[in-house]
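# Topology and contacts: notes
Here are the chains, one letter per residue:
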Amino acid sequence: MSTRWRDFARRWAVFVAFLLLWQLLTVQADNPYFPSPTRIAEAAGHAWFSGPAAHLWVTDAVTHDLLPSLGRLLAGWLIAIAIGVPLGLALGRSPVLTDYVSTMFFFARSVPATLLVPVFLVMFGIGTRMELVTILWGTIWPILLNTIDGARSVDDVKVETARAFGIGGRRWIFGVVLPAALPKVFAGLRLALAIAIILMIVSELMGSDSGIGYRLINAQFGFELDVMWAWIVLVSVLGYVSNLMLTVAERRALAWHPGFRAEVLD
């Protein structure tokens, strides 16, 4: 068995042991506030897969809440990428302009998106626009600042070589600056994705009529604790799967990078 598969089996063995320990402790404690994994799984199956056969047994909680939440999460994150990466590349290669806006950026970044949710509620009302703006505000800063840092890190030898060969414009940006900045860009994307999941839930808890957070708070108020925990576990699974997919994309995009390759092999 290769080292990679051995490490994979070891990690999942630890996870299975954790689930078994969780099951044992919660069954012995018999506390309604901390249900066992089997009870959570049963509640999840009933909440999400007890619909009519015509809808493939999928309930409204999936089509009206889970899928819209994922759509808002992905949309807010992608908008932050579309704004943060180009702007970060431009600012990273312009130290003078960066000096002008750095104070404003760090001041704005210091304001948590969760603190602005009441403001966004007043400005945009309950619904998708408020949730997208909340996700966008929280996720754009790690992407923007990491991209600026990555664009600054272009090696001087590459800069001089590009000048010697007359490389400029799009070839300079996409052939030299962006590849050099990609490790930092992906670090920002990873951090922003975790923040996006948190802000998706927070915005839906405070001002939404649908979504994972909306269902979670309704389960809490209705004292449906098993269902509440099912949504909490779903958020954890969502975070794990999204991070795994981004890791795969990162490894493919940076397979050429010597430092990254060594890190993966180690």
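First things first, this report covers the structure right here in the doc. (Residues numbered from 1 in each chain as written. Predicted model: local features only at pLDDT ≥ 70, side-chain atom pairs only at ≥ 80, totals over all residues. Heavy atoms only, no water.)

Check the secondary structure of the chain and you find eleven helices and zero strands. Listing every helix and strand of the chain by position from the N terminus yields α-α-α-α-α-α-α-α-α-α-α. Considered along the principal axes of its C-alpha atoms, the chain spans approximately 70 × 60 × 40 Å. Out of the 266 residues belonging to the chain, those deemed buried represent 37%. Expressed as a percentage of contacts within the chain between residues at least 6 apart in sequence, the contacts between residues at least 24 apart total 70%. Accessible surface for the chain amounts to roughly 15,800 Å². Of this, 69% is attributable to carbon and sulfur atoms. If the 20 positive side-chain charges of the chain are averaged to one point and the 18 negative ones to another, these points end up 10 Å apart. (Helix = DSSP H or I, 4+ residues; strand = E, 2+ residues; numbered from the N terminus. Buried < 20%, exposed > 50% of the residue type's maximum accessible area, 1.4 Å probe, protein only. Contact = heavy atoms within 4.5 Å. Areas by Shrake-Rupley, 256 points an atom, 1.4 Å probe, with all protein chains shown as cover. Lys, Arg positive; Asp, Glu negative; His and termini not counted. Charge placed at Lys NZ, Arg CZ, Asp CG, Glu CD.)

This next bit is on the nonpolar core. Counting residues in hydrophobic clusters, the biggest one holds 29 residues, and the most contacted among them are W77, I143 and L189. Those elements that provide at least two residues to this core are α3 (60-92), α4 (95-109), α6 (128-152) and α8 (169-206). It is α8 that contributes the most residues to this core, ten residues altogether. Other than its neighbours up to four places away in sequence, L189 contacts W77, I81, I143 and L246. (Core = buried A, V, L, I, M, F, W, Y, C linked by side-chain atoms within 4.5 Å.)

Here the focus is the pattern of salt bridges. Scanning the model with the defined rule gives six salt bridges in all. A salt bridge links R72 to E131; its shortest N-O distance comes to 2.5 Å. Of this pair, R72 sits in helix α3 while E131 sits in helix α6, and the two are 59 residues apart along the sequence. Of the residues examined, R72 reaches a relative accessible area of 7% and is grouped as buried. Looking at E131, the relative accessible area reads 1%, which means it is buried. E204 is paired through a salt bridge with R72; the nearest N and O atoms lie 3.0 Å apart. Of the two residues, E204 sits in helix α8 while R72 sits in helix α3, which places them 132 residues apart along the sequence. (Salt bridge = Lys/Arg side-chain N within 4 Å of Asp/Glu carboxyl O.)

On to α6. Counted at 1.5 Å a residue, the expected span for α6 with its 25 residues is 36 Å, and the 36 Å between its end C-alpha atoms agrees. The principal kink in α6, of about 30°, is found at I140, preceding the proline P142 by one to four residues. (Expected span 1.5 Å × (residues − 1). Bend = angle between axes of the 7 residues up to and from the residue.)

This part takes up the packing of aromatic side chains. By the definition in use, this model includes ten aromatic pairs. Taking 6.2 Å as the distance between ring centres and 55° as the angle between the ring planes, the aromatic pair formed by F34 and W229 counts as tilted. Separated by 195 residues along the polypeptide, F34 in the loop between α1 (3-29) and α2 (37-48) and W229 in helix α10 (residues 225-253) bring together distant segments of the chain. In textbook terms, an aromatic cluster arises when at least three aromatic residues are bridged by ring pairs, as seen for F18, W22, F34 and W229. (Phe/Tyr/Trp six-rings, centres within 6.5 Å; stacked < 30°, edge-to-face > 60°.)

Two numbers describe how α1 lies on α2: the axes approach to 8 Å, and their chain directions differ by 100°. Here α2 runs roughly perpendicular to α1, going by the angle between their axes. Facing α1, whose interface residues are L19, W22, Q23 and T26, α2 presents P37, T38 and I40. Considered class by class, the residues forming the contact of α1 with α2 number four nonpolar, three polar and no charged. (Axes fitted to C-alpha atoms, helices over the stretch in contact; angles between N-to-C directions. Parallel < 35°, antiparallel > 145°, perpendicular 65-115°, else oblique. Nonpolar A, V, L, I, M, F, W, Y, C, P; charged D, E, K, R; others polar.)

It is worth spelling out the side chain of S69 at this point. Tracing the backbone through its elements, the reader meets S69 in helix α3. Contact partners of S69, with chain neighbours within four places excluded, come to M200, E204, G211 and I212.

Even without glycine at this site, D30 takes up a positive phi of about 50°. Relative to the helices and strands, D30 is located in the loop between α1 and α2. Among the residues examined, D30 registers a relative accessible area of 59% and is labelled exposed. You will see that F223, though not glycine, has its phi angle at about 60°, which is positive. The topology assignment puts F223 in the loop between α9 (212-221) and α10. Under the relative-accessibility criterion, F223 is labelled exposed at 52%.

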